[in-house]
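A look at the structure
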Amino acid sequence: MQTRSSGSQRVFLLALFGTSLAILFTRSLNAFNRLPADPGYSYVEEASNQGIASLAIGDPYFHIAARTLAWLTSFAPLEWHAIVLSTLVHLVWAGCAVCIAYLVYFEAIPRWVAGLAGLLLICAPHASESSLGNVGNVKWPLLAAAIVLCSSSRVTTLSRTGPIALLIVTGLTNPISLLCVFPLIRLGLNEKAVRRQLLPLALVILATTALQLAKVGVSAASSGRDARVSEPWNGMGIFWWSGLVGPIIIALVSLAISLVSRSRNYSPSNMATNLGMISVILAAVSYRLGGIADRYFVAPLTLSLVSCLLALSESQTLNERVRLVVLTATAVMVLVPSLKWFSASRYLTSGPTWSAEVQSARDLCRESTQSNVSLEVAGGSTVELDCEYVLRG
């Protein structure tokens, strides 16, 4: 593997972070000062009322990352809550993209491919429906970053602090982070010398999973959402079909490329194979728990695309020039759906802005004797707040 200076690496990652933020803010331009219907304002209201104790509230499972962002938002003025919360969510997404690119960066592939791997998360087409700036869906970029971390053979060479922190936060935010342990097991089986270094990471994953199960119960954890759509409907468009079956198809293509490489006496990286297998498993688990839902498409599709990108980059069945052409064509093909479903959907952009609603609510509370007031959020839903809370905020 070629030597890469820490200075140029830092510039690359900072540029990627800035680019990721710029794309996220552009995608959510019309949703930036609005709150999505789910979870609405409940996280921030609970944080304002209960303080740091709100981090332990179940939904029904621990959602520590979302609760932390809501708690930080609660310190801002009420009319700024939507903007602050969206900004914090974007920072998490951008950080996860940088994490993915950083890990892919060490797989001896071109730098632009590593950057593209990170941007696959930021440009995920299905994120436009309900995930952009939505604190309730921050668990998916975290899970994607954690799975890429555990799929890398370099995980044992990194400082323990960062990986363990990511796994703790992800484990206490997304109950299906147990999937992260499978690539660690595969790495341990293939390389006995690193088993001791992998043990703390595996224990963190198992411990956080145990806490999630204790919080929500095994039955509830395995049954998934009550109001989920499991059957395709008449006229279900390509947006939904691509999210439902796309990750599996792309992952199988990636695994096939890796298999061909092995048949020609070249062993592809663990990361490409691990991500291919995990994205199929994650797609199946996501369908079992959430049915056909856009938010459950983001992580599996991102991971399968990163897997395919790595497999193509490392393929020795193509000469360097042809491989560059194939990679470029693949990037363009990925760009098409990202552009088609680039901007936030009506679910996130409809209705008045949060700051306008707060001002209207304050005027109404001052002019009337009512104790509660309704504020509209995106999607046509409303939240009811005490006038005392509105005037105080």
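The structure we're discussing is the one just above.
For every chain, the first residue of the written sequence is number 1, and numbering continues from 1 along that sequence. Under the rules for a predicted model, residues below a pLDDT of 70 receive no local features and side-chain atom pairs below 80 are neither given nor counted, while totals for whole chains, interfaces and linings still include all residues. Note that the side-chain values use all heavy atoms of the structure and ignore hydrogens as well as water.

**A few points about the overall build of the protein chain**
- Here a helix means four or more residues in a row that DSSP labels H or I, a strand means two or more in a row labelled E, and each is numbered from the N terminus. Across its full length, the protein chain holds 18 helices and 2 strands.
- Computed over C-alpha atoms, the radius of gyration of the protein chain comes to 22 Å, within 12% of the 21 Å expected from 2.2 N^0.38 for 393 residues, which places it in the range of a compact globule.
- Once the C-alpha set of the protein chain is aligned to its principal axes, its extents read approximately 80 × 50 × 40 Å.
- Exposure is judged per residue with a 1.4 Å probe applied to protein chains only, and the accessible area is read against the type maximum: over 50% gives exposed, under 20% gives buried, and values in between give partly exposed. Looking at the protein chain as a whole, 52% of its 393 residues qualify as buried. The size measure is the radius of gyration over C-alpha atoms, and the globule rule it meets is 2.2 Å times the number of residues to the 0.38 power.

**Overview of the pattern of salt bridges**
- Should a side-chain nitrogen of Lys or Arg be within 4 Å of a carboxyl oxygen of Asp or Glu, the pair is scored as a salt bridge. Applying the stated criterion to the full structure yields 4 salt bridges.
- Here Arg362 ties to Glu79 by a salt bridge, and the two come within 3.0 Å at their closest N and O atoms. Within this pair, whereas Arg362 is found in helix 17 (residues 354–367), its partner Glu79 is found in the loop between helix 3 (64–73) and helix 4 (81–104), the two being separated by 283 residues in sequence.
- Taking the relative accessible area as the measure of exposure, Arg362 reaches 9% and is therefore buried.
- In this structure Glu79 comes out as partly exposed when scored by relative accessible area, which is 24%.

**Brief notes about the environment of Thr73**
- If you trace the backbone, Thr73 turns up in helix 3.
- Along the backbone, Thr73 and Ala117 are 44 residues apart, and their C-alpha atoms lie at a distance of 30 Å.
- Any two residues having at least one pair of non-hydrogen atoms within 4.5 Å are treated as being in contact. When near neighbours in sequence (up to four residues on either side) are disregarded, Thr73 contacts Val44, His81, Val84, Leu85 and Leu88.

**Some words on the environment of Leu203**
- Looking at the secondary structure, you find Leu203 in helix 10 (residues 195–216).
- Using a relative accessible area of 47% as the deciding quantity, one classes Leu203 as partly exposed.
- As for Leu203 and Pro36, which are separated by 167 residues in sequence, their C-alpha atoms are 35 Å apart.

**Observations regarding helix 2 (residues 42–50)**
- Every buried residue of helix 2 is accounted for by Tyr43, Val44 and Ala47. The buried residues of helix 2 all sit within an arc of 95° when viewed along its axis, so they share a single face.
- Those residues of helix 2 hidden inside the fold are in contact with helix 3, helix 4 and helix 18 (387–392).
- After helix 2 finishes, the residue Gly51 shows a positive phi value of roughly 65°. Starting at the helix axis, one direction is taken to each C-beta atom, and the arc is that of these directions.

**So, the pairing of strand 2 (residues 382–386)**
- Side chains Val383 and Leu385 of strand 2 all project onto a buried face; the interleaved residues Thr382, Glu384 and Asp386 project onto a face where none is buried.
- Of the pairings in the sheet, the one linking strand 1 (residues 372–376) to strand 2 comprises 5 bridges and is antiparallel in character. In the sheet register, Ser374 faces strand 2, and the bridge partner there is Glu384.
- At least two DSSP bridges between two strands are required for those strands to pair. Taking the residues that link successive antiparallel strands as the turn, the strand 1-strand 2 hairpin has 5 residues, and the phi of Gly379 there is positive, at about 85°.

**Details of the packing of aromatic side chains**
- When the centres of two rings from Phe, Tyr and Trp lie within 6.5 Å, Trp using its six-membered ring, the rings pair. Their planes under 30 degrees apart give stacked, over 60 give edge-to-face, and anything left gives tilted. Applying the stated rule across the entire model yields 12 aromatic pairs.
- Consider the rings of Trp71 and Phe75, whose centres lie 5.3 Å apart with planes at 80°: the pair is edge-to-face.
- Taking relative accessible area as the criterion, Phe75 reaches 61% and is therefore assigned exposed.
- Residues Trp240 and Phe297 carry aromatic rings whose centres are separated by 6.3 Å and whose planes lie at 70° to one another, so their mutual orientation is edge-to-face. Here Phe297 lies in the loop between helix 13 (270–290) and helix 14 (298–314) and Trp240 lies in helix 12 (residues 238–263), a separation of 57 residues in the sequence. For the pair formed by Trp240 and Phe297, the shared burial category is buried.
- Through a chain of ring-to-ring contacts, the aromatic side chains of Trp233, Phe239, Trp240, Phe297 and Trp341 assemble into a single cluster.
- Two conditions define a charge located above a ring, namely a distance within 6 Å from the ring centre to NZ of Lys or CZ of Arg, and an angle within 35 degrees of the ring normal. One cation-aromatic arrangement involves Arg27 over Phe342; the distance from NZ or CZ to the ring centre is 5.5 Å.
- The ring of Tyr43 is capped by Arg67, whose NZ or CZ atom sits 4.1 Å from the centre of that ring.

**Let's talk about unusual backbone geometry**
- Of note, the bond from Asp38 into Pro39 is cis; its omega dihedral lies within 30 degrees of zero at 15°.
- In this fold, Pro39 is placed in the loop between helix 1 (6–27) and helix 2.
- Each neighbour pair has its own omega, and for Asp59 with Pro60 the value is -10°, a cis peptide bond.
- Considering the arrangement of structural elements, one finds Pro60 in the loop between helix 2 and helix 3.

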